[in-house]
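Geometric and topological summary
Here is what each chain is made of, one letter per residue.
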Amino acid sequence: MNNAIARTTALLSTCALLLTGCGGTTTMTNSPISGTVTPNNTATNTPATTGTLSSAIPIGIAVAQTSNVALLGQEQVAGAKLAEKYFNSKGGVNGTPIKLVFQDTSGDEVGAINAFQTLINKDKVIGIVGPTLSQQAFSADPIGERAKVPILGPSNTAKNIPEIGDYIARVSAPVSIVAPNSVKAALKQNPQLKKVAVFYAQNDAFSKSETEIFQQTVKDQGLELVTVQKFQTSDTDFQSQATNAINLKPDLIIISGLAADGGNLVRQLRELGYKGLIVGGNGLNTSNLLTVCKALCDGVLIAQAYSPEHPGEINAAFHKAYTDEYKKEPPQFSAQAFAAVQVYVEALQALDKNSKVNKLQLPELRTQLNKQILVGRYNTPLGEIGFTPLGEVVQKDFYVAQIKMAKDGSQGKFTFLK
């Protein structure tokens, strides 16, 4: 991974030096930062300006809009845009609007690195919401840390994300807290469960982290782990792994992967005759899964860090805005992206009362904003959240949902269990 970063940085540096050799030019940018404007420099990790805000406050959104991860990233884009509209309608940051700046991370580490560099050095954002995957965060977050730019992970739940640095926090609760709830829900539905088969995507950092938690939970609950099957997030054929697992007659199957591969795995398990309970990890926690396995998604259990039914004014507003726009219930990934933007807005509002944000030099604004984020409390669609000094989210409300599908697979929904 470090080699990939080094190669990318070296290539971008070469382009900046040779210019025409890579078909590019050094350009000036129209920035919301006034003061000294310098050439864009996406090959470094240092801010390209020391100016102050002159118009709308730019917040970076670096999520996966393309690749197989787009099924998750598109939901994050939706949540972020709803937050931008909502908070600007409320006056933004004490009268100054926010402006979201989107960069596509695609589904790999290089895409996330490039997106972060562009947002920090060209777009001069005050902070970044992203990336979508923990795998990407381990590569891209250090860029934000070195540039001293606040980073809020909207869906990075793998172990040790906040430990990346002082400027790294997340609104997504760690998998160690969320994942065990779905296994306990499965046991509640079928107390006779004994044998468990586990599947995980070995090329994804989050899935590897999540499966460790699932496997430990299986042991803690006194269940027998009969097999661990590996796959790639790019796989579409799971016949071999599925057959191997089914032959061991498991009562429960647990899957850690993403929506596309996870949905195909669910479908093929059912087609091969598996009739037991299935638990899906956080990567399957999207309504976009339903179009992949359709009617065969029915019954899958997935732990949740968000419920559309959560009481509170802000969730009611978010829920209404989402259902009005998309004609379906809001998913967790949208709620978490909304919450991340909300944290930035409310932290900026608090900071502005003491030190006008449009008077602060950009590096100082980023530093003061990071400090304010960590000491604040935020009443979000996820419920009330805060952060530890390390940047770990503090959240108390969690749920488990079970997918209910129409027999023809034409429609379905996440039904929250009591």
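Conventions we followed
Residues numbered from 1 in each chain as written. Predicted model: local features only at pLDDT ≥ 70, side-chain atom pairs only at ≥ 80, totals over all residues. Heavy atoms only, no water. Core = buried A, V, L, I, M, F, W, Y, C linked by side-chain atoms within 4.5 Å. Buried < 20%, exposed > 50% of the residue type's maximum accessible area, 1.4 Å probe, protein only. Helix = DSSP H or I, 4+ residues; strand = E, 2+ residues; numbered from the N terminus. Contact = heavy atoms within 4.5 Å. Pairing = 2+ DSSP bridges. Disulfide = S-S within 2.5 Å. 1 Å grid on protein atoms, 1.4 Å probe; cavity = no way out; pocket = protein on both sides within 12 Å on 5 of 7 lines; lining within 4 Å. Points joined across faces, edges and corners; volume = space filled by probe spheres on them. Nonpolar A, V, L, I, M, F, W, Y, C, P; charged D, E, K, R; others polar.

**Remarks on the nonpolar core**
Membership of the largest hydrophobic core comes to 50 residues, with the highest contact counts inside it found for I126, L152, V341, I373 and F387. Of all elements in the fold, only β3 (57-63), α2 (70-89), β4 (98-104), α11 (313-326), α12 (332-354), α13 (362-375) and β14 (383-387) reach the threshold of two or more residues within this core. Top contributing element to this core by residue count: α12, with 11 residues. With near-sequence residues (within four places) excluded, I373 lies in contact with P150, L152, V343, Y344, A347, Y378 and F387.

**With respect to the sheet that holds strand β7 (residues 168-170)**
Strand order in the open sheet formed by 5 strands is β4-β3-β5-β6-β7, and the pairing between neighbours is parallel. Where the open sheet ends on each side, the last strands, each with one partner, are β4 and β7. In terms of strand pairing, strand β6 (residues 151-153) meets β7 through 3 bridges, oriented parallel. Residue pairing for β7: G153 is matched across the bridge by R170.

**Focus: the state of the cysteines**
Overall, the coordinates contain 1 disulfide when judged by the stated rule. There is a disulfide in this structure between C293 and C297, and the S-S distance comes to 1.9 Å. The sign of the 100° torsion about the S-S bond sets the C293-C297 disulfide as right-handed. You can call C297 buried: its relative accessible area is 0%.

**Considering the layout of surface pockets**
Taken as a whole, the largest pocket encloses approximately 470 Å³ of empty space. Looking at the largest pocket, it is lined by 26 residues, and the ones nearest its centre are S287, E329, G412, K413 and F414. Breaking the lining of the largest pocket down by element, the ones donating at least two residues are α10 (290-293) and β17 (412-416). The leading source of residues in the lining of the largest pocket is β17, at 5 residues. A per-class count over the lining of the largest pocket returns 8 nonpolar, 12 polar and 6 charged.

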